Amino acid sequence: MDYLAGQLLVASPRLVDPNFVRTVVVLLNHDEQGAMGVVINRPSEIPVADHLPEWADSLAPPEVVFRGGPVEQSVAIGLREGFDAGANSTPIRGLGMVDFGEEREDVTEGRVRVFAGYAGWGPGQLEEEIEEESWITVPAFARDVFSPFPDDLWAEVLSRQGGQIALLASMPLDPELN
């Protein structure tokens, strides 16, 4: 299998783990040691400004902390728009990492989104889950990370794929209610 860093993982209807039902994960790293990404469609009720007030003027709406995944939820991960070079780049064009320890004045470009925690997979684990059809892999765009309507992102990403995959976007959460 090719490594998938820079792709979106879209939870298939087969995925019933409550941490990942109908999630969209931007995959930031994937290699022989495993994979790591953040869930980009689970906003919380917690305003980012309560914890990182110096970043308040750079936040993408909604300006809340997103639940990035079940691993290390006390860790803040920042992604910002319009950053392509250097140590803080990601495999997605137009998307960079934010180092919250750097001086705020050094970061002037792009909107920022803050995630609490991340999703992680050990060696071979993600590949097994994809083989089991728990995840659908599709191209990632920086605009996905900054969607102003994160609750609609799962259906939006599936719909834009066309064909059979697009049909999943209209599937009810509980197929027995159909």
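Small disclaimer: the values here were computed from a predicted structure and weren't measured.

What counts and how
Residues numbered from 1 in each chain as written. Predicted model: local features only at pLDDT ≥ 70, side-chain atom pairs only at ≥ 80, totals over all residues. Heavy atoms only, no water. Pairing = 2+ DSSP bridges. Helix = DSSP H or I, 4+ residues; strand = E, 2+ residues; numbered from the N terminus. Phe/Tyr/Trp six-rings, centres within 6.5 Å; stacked < 30°, edge-to-face > 60°. Buried < 20%, exposed > 50% of the residue type's maximum accessible area, 1.4 Å probe, protein only. Lys NZ or Arg CZ within 6 Å of the ring centre and 35° of its normal. Core = buried A, V, L, I, M, F, W, Y, C linked by side-chain atoms within 4.5 Å. Contact = heavy atoms within 4.5 Å.

## Details of the pairing of strand β6 (residues 71-81)
- In this sheet, strand β8 (residues 112-121) lies alongside β6 in antiparallel orientation, the contact comprising 6 bridges. Pairing of G78 across the sheet is with V114, part of β8.
- With 4 bridges connecting them, β6 and strand β7 (residues 95-98) associate as antiparallel partners. The residue bridging E81 from the neighbouring strand is L95, located in β7.

## Some remarks on the packing of aromatic side chains
- Considering all chains together, one arrives at 5 aromatic pairs under this definition.
- Aromatic side chains W55 and F100 sit 5.4 Å apart centroid to centroid with 90° between the ring planes, which places their arrangement in the edge-to-face category. With W55 in the loop between β4 (43-47) and β5 (64-67) and F100 in the loop between β7 and β8, the pair connects residues that are 45 residues apart, well separated along the chain.
- Among the residues examined, W55 registers a relative accessible area of 1% and is labelled buried.
- For F100, a relative accessible area of 19% puts it in the buried group.
- Members of the aromatic cluster, each reached through a chain of ring pairs, are F20, W121 and W135.
- Over the ring of F141 we find R143; its NZ or CZ atom is 4.4 Å from the centre of that ring.

## Topic: the nonpolar core
- Grouped together as the largest cluster of nonpolar side chains are 41 residues, with contacts concentrated most on L8, V26, I40, W121 and W135.
- Considering each element in turn, this core owes the most residues, 5 residues, to strand β2 (residues 24-31).
- Apart from residues lying up to four places away in sequence, V26 is in contact with Q7, L8, M36, G37, V38, I40, L79, I92, A140 and V145.
- With 9 residues, the next largest nonpolar core counts L52, W55, L59 and F100 among its residues.

## Points about unusual backbone geometry
- Residues P61 and P62 are joined by a peptide bond in cis, for which omega reads -5°.
- Along the chain, the position of P62 falls in the loop between β4 and β5.
- Positive phi values are uncommon outside glycine, yet R22 reaches one of about 55°.
- Its place among the elements puts R22 in the loop between β1 (7-11) and β2.
- A relative accessible area of 26% places R22 in the partly exposed class.
- Phi at E72 is positive, roughly 45°, even though this residue is not glycine.
- Structurally, E72 can be placed in strand β6.
- Overall, the relative accessible area of 47% leaves E72 in the partly exposed class.

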